[in-house]
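A closer look at the structure
Single-letter residue listing:
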Amino acid sequence: MSAKTKLKALLERIEAANAAYYERDAPEMTDAEYDSLRREAEDIAAAHPELREEARVLARVGARPATGFGKVRHRTPMLSLDNVFSPEAFAEFWQGKRRFLGLEAAWDFVAEPKIDGLSISLTYESRKFVRAATRGDGTEGEDVTANMLTLAELPRELPEDAPDFIEIRGEVYMTKADFLALNEANPDKPFANPRNAAAGSLRQLDPSVTAKRKLSLFAYAQGETATPVADTHWGYLETLKRWGFKVNPLSARVGEAEAEAFQAGIGARRAALPYDIDGVVYKVNDLALQARLGFVGRAPRWACAWKFPAEKASTVLEDIEIQVGRTGALTPRARLTPVNVGGVLVQYATLHNEDEIARKDVRIGDTVELQRAGDVIPQILGVLKRGAHTHPFHFPTHCPVCGALAVRDADEAVRRCTGGLSCPAQVVERLIHFCSRGAFDIEGMGEKTVQEFYEAGLLRAAPDIFALPRHEAEIAKREGWGEVSAAKLSAAINARREIGLERFIYALGIRRIGENNAKLLARHYGSYAHWKVAMRAAIEIGSDARLELGSISGVGPAIATDLVAFFAEAHNLDTLAALEREVTVLDAAMATASDSPLAGKVMVFTGTLAMARPEAKARAEALGAKVTESVSKKTDFVVVGEDAGSKAKKAAELGIRMLTEQEFKKMAGL
Ligand code: IVH
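This report concerns the structure included in the present document. (Residues numbered from 1 in each chain as written. Predicted model: local features only at pLDDT ≥ 70, side-chain atom pairs only at ≥ 80, totals over all residues. Heavy atoms only, no water.)

With respect to burial, helix H8 (residues 233–242) is a largely interior element, seven of its 10 residues being buried. Of the residues making up H8, those classed as buried are His233, Trp234, Gly235, Tyr236, Leu237, Thr239 and Leu240. Its buried side turned inward, H8 meets strand E3 (108–115), strand E7 (165–173), strand E8 (216–225), strand E9 (252–255), strand E10 (277–284) and helix H10 (287–293). A positive phi of about 105 degrees marks Gly244, the residue just after H8. (Buried < 20%, exposed > 50% of the residue type's maximum accessible area, 1.4 Å probe, protein only. Helix = DSSP H or I, 4+ residues; strand = E, 2+ residues; numbered from the N terminus. Contact = heavy atoms within 4.5 Å.)

For the rest of this paragraph, the subject is the packing of helix H21 (residues 557–568) against helix H22 (residues 570–582). The contact between H21 and H22 brings their axes to 5 Å, and the two run at 80 degrees. Here H21 is positioned roughly perpendicular relative to H22, judged by the angle of their axes. For the pair H21 and H22, contact is made by Phe566, Phe567 and Ala568 and by Ala570, Asn572, Leu573 and Leu576, respectively. Among the residues forming the contact of H21 with H22, the class breakdown is six nonpolar, one polar and no charged. (Axes fitted to C-alpha atoms, helices over the stretch in contact; angles between N-to-C directions. Parallel < 35°, antiparallel > 145°, perpendicular 65-115°, else oblique. Nonpolar A, V, L, I, M, F, W, Y, C, P; charged D, E, K, R; others polar.)

So, about the site of the ligand. Taken together, 15 residues lie near the ligand, and Glu112, Arg135, Glu171, Tyr220 and Lys283 sit nearest. A distance of 3.5 Å separates an oxygen atom of the ligand from a polar side-chain atom of Tyr220. The fraction of the free accessible surface of the ligand (520 Å²) that becomes covered by protein chains is 89%. For the shell around the ligand, the secondary-structure elements that each account for two or more residues are E3 and E10. Taken together, the residues that form the shell around the ligand break down as eight nonpolar, two polar and five charged. (Near = heavy atom within 4 Å. Polar contact = N/O pair within 3.5 Å; in protein donor to acceptor, adjacent residues only side chain to side chain. Areas by Shrake-Rupley, 256 points an atom, 1.4 Å probe, with all protein chains shown as cover.)

Right, let's get into the sheet that holds strand E23 (residues 602–606). Within the open sheet, the four strands sit side by side as E24-E23-E25-E26. Their pairing is parallel. Looking at which strands have only one partner, the edges of the open sheet turn out to be strand E24 (626–627) and strand E26 (657–659). Pairing geometry for E23 and strand E25 (residues 637–640), over four bridges, is parallel. Bridge pairing in E25 links Met603 to Phe637. Relative to E23, helix H24 (residues 646–654) is tilted by about 140 degrees, and along the sheet it contacts E23, E25 and E26. (Pairing = 2+ DSSP bridges.)

With that settled, the discussion passes to the pattern of salt bridges. One pass over the full model with this rule turns up 33 salt bridges. For the salt bridge of Arg73 with Glu140, the shortest nitrogen-to-oxygen distance reads 3.4 Å. Here Arg73, found in strand E1 (residues 71–73), pairs with Glu140, found in strand E6 (residues 140–142); they are 67 residues apart in sequence, far enough to count as distant. By relative accessible area, Glu140 is classed as partly exposed at 22%. Of the charged contacts in the structure, one is a salt bridge between Asp361 and Arg363, with a shortest N-O distance of 3.1 Å. For Arg363, a relative accessible area of 15% translates into the label buried. (Salt bridge = Lys/Arg side-chain N within 4 Å of Asp/Glu carboxyl O.)

Take the pairing of strand E17 (residues 367–372) next. Along E17, five of the six residues are buried, which leaves the element largely enclosed by surrounding structure. The pairing of strand E14 (residues 311–324) with E17 spans six bridges and is antiparallel. Bridging across to E17, Glu311 finds its partner in Arg372. Pairing analysis gives five bridges linking E17 to strand E18 (residues 379–385), with the strands arranged antiparallel.

We now examine a negative patch on the surface. Taken together, the side chains of Asp108, Asp231, Glu258 and Asp286 define an acidic patch exposed on the protein surface. Take Glu258: it is sitting in the loop between E9 and helix H9 (259–269). (Patch = residues over 30% accessible without salt bridge, like charges linked within 9 Å, V, L, I, M, F, W, Y side chains within 5 Å. Lys, Arg positive; Asp, Glu negative; His and termini not counted. Charge placed at Lys NZ, Arg CZ, Asp CG, Glu CD.)

Within the largest apolar cluster, 60 residues are counted, with the highest numbers of intra-cluster contacts made by Met445, Ile465, Phe504, Leu521, Trp531 and Leu549. In this structure Leu521 touches Ile505, Ile513, Gly526, Trp531, Leu549, Ile552, Val555 and Leu563, once residues within four positions along its chain are discounted. Core analysis: the second largest hydrophobic core is formed by 36 residues, Ile120, Leu154, Ala198 and Leu215 among them. (Core = buried A, V, L, I, M, F, W, Y, C linked by side-chain atoms within 4.5 Å.)

Once that is clear, we can look at the side chain of Arg415. Mapping Arg415 onto the fold places it in the loop between strand E19 (406–407) and strand E20 (416–417). You can call Arg415 buried: its relative accessible area is 16%. A polar atom in the side chain of Arg415 sits 3.1 Å from the side chain of Glu354. Those residues in contact with Arg415, other than ones at most four positions away along the chain, are Gly328, Ala329, Leu330, Glu354, Phe395, Pro396, Thr397, Ala406, Val407 and Arg408.

So yeah, pure geometry; function would need other evidence.
Here is the structure:
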């Protein structure tokens, strides 16, 4: 594989992980996996300067702000931190910075536990709190002022000596105890970890929901300020404390030679701390030196995060359970003798898939090594000791729930149940998905309730959900329900009878149509009616509708096939018709700046641009344009970079307006 292909593949995975983490608060990989992907991509980029353009996404922090909140531009960007994982890497990092400044002396740091929450920028004008914004993509975040005002720990006013204008940065987090209590109260839709719980609680469109969650705040950094506050970072933290901010009490001044011992000390206290931390941040104390060190890419040169290694433990593999997902995928899950891994009791771990089990030759009864990195599902690393009388695990060839044949396509890692809608597991999983947070988001319709109603015969397909309020009296009589709970459920269901197109598409649970692809489709087709007509027409290979579907940037042939397959099934069309009687699908939020000359235009980028392609595309889309891959009669503009080939030629033939990069930037107001 060429370096370019390899890099592209890595960047795709990184972008997908970013979206999962920042936009949906639902990480798909461990921090350690994410860091290793980034490092691999950074290494390739460093060894191949010609791939600089491609690698530019690595410089972007986080993801673009989610829609629904107002946008706030940070006066000073909110950045990320470089990570190190060992004493050697730590020493090398700081030696490099010494070289950068031509200094010889050891560094004096302020060391602060690295809290796992979400960063926040707090703006004070005339010493009054005026605005709170999330990090977003680092330059622009979401306005969460109203939500932030529900935190008792937020100082609303600063004393006389504070500057006229100041941005103070810190971390909003949830303690382990508050996190566990929250999940206990919502067993149907638990958060994966305190970080997600904090992010999910703060980023609520309705601040009264935030008010019910217990969120805490530590302040630790500065943004823009009208007048300097201190000469050292330590002095700055002292000032913040005086102004009424909470500063992490474990923060300390630490010399370079003492860092290793400090790291070990905090590591030893980690499990007992009331909040999750994933490392220690070391910051140069002298602010004049910080200013000279400046930034590179997405991170300051004056700080680094020394992360703790993933936590490991060993335990016995008691069983391998096979779960059946909504698309029929058979997923193996390890049931373990419960074991404490870094303060968390672990009973289940992922085994990924059939090949992974075979490759590691894990057998029921083996003693296995387990790893838990900060969040998400623990992983099995391998076998430590073979159990007595074990035999290799045979992956089932039939669905453990409905007994239908389970098949595996040649190019796939996953075996799937062929039972379709006659498989109860698939039906239930689809219903759970339909009600889940990114889809219809129906409060109270979690796993347990869906399963219960399915077994009771109250639920068979998605439209039945909206019939439940008509069975309220019957539900009230069920064990564990009662009138109040039943009425609450009806209200929660009725509150979701209007839904945005992207959520609706996602809720259908079509294979490969996750939130991202649903968004692409919604943006492209605009309305439910238009989308449905287009999908039905796209069933015919070679039709205009099929070509249009294939031309949407990000929609590949596999996705197109899955979509048309859904529309080719009569029972799916019946489901859609039944849903139409129950819910109203709202048009997708179209162009934000409808007065932009790009709003509603169909655009193609071709050739090499000075601006990175993903950025150009994102800018155009933010202004309401649709960016597609191929030139057709429907294309409004083609932005032509250097060495443009066939697309430019086709545009010329079709008489489509061609723009230089400069012209595009002008239209986009860049
Ligand atoms: S300083 C310019 N200090 O870690 C440096 N960040 O990986 C800005 N974090 O976005 C960050 N504890 O959400 C800093 N004591 C601390 C921190 C901390 C947690 C988070 C923060 C930041 C991320 C960077």
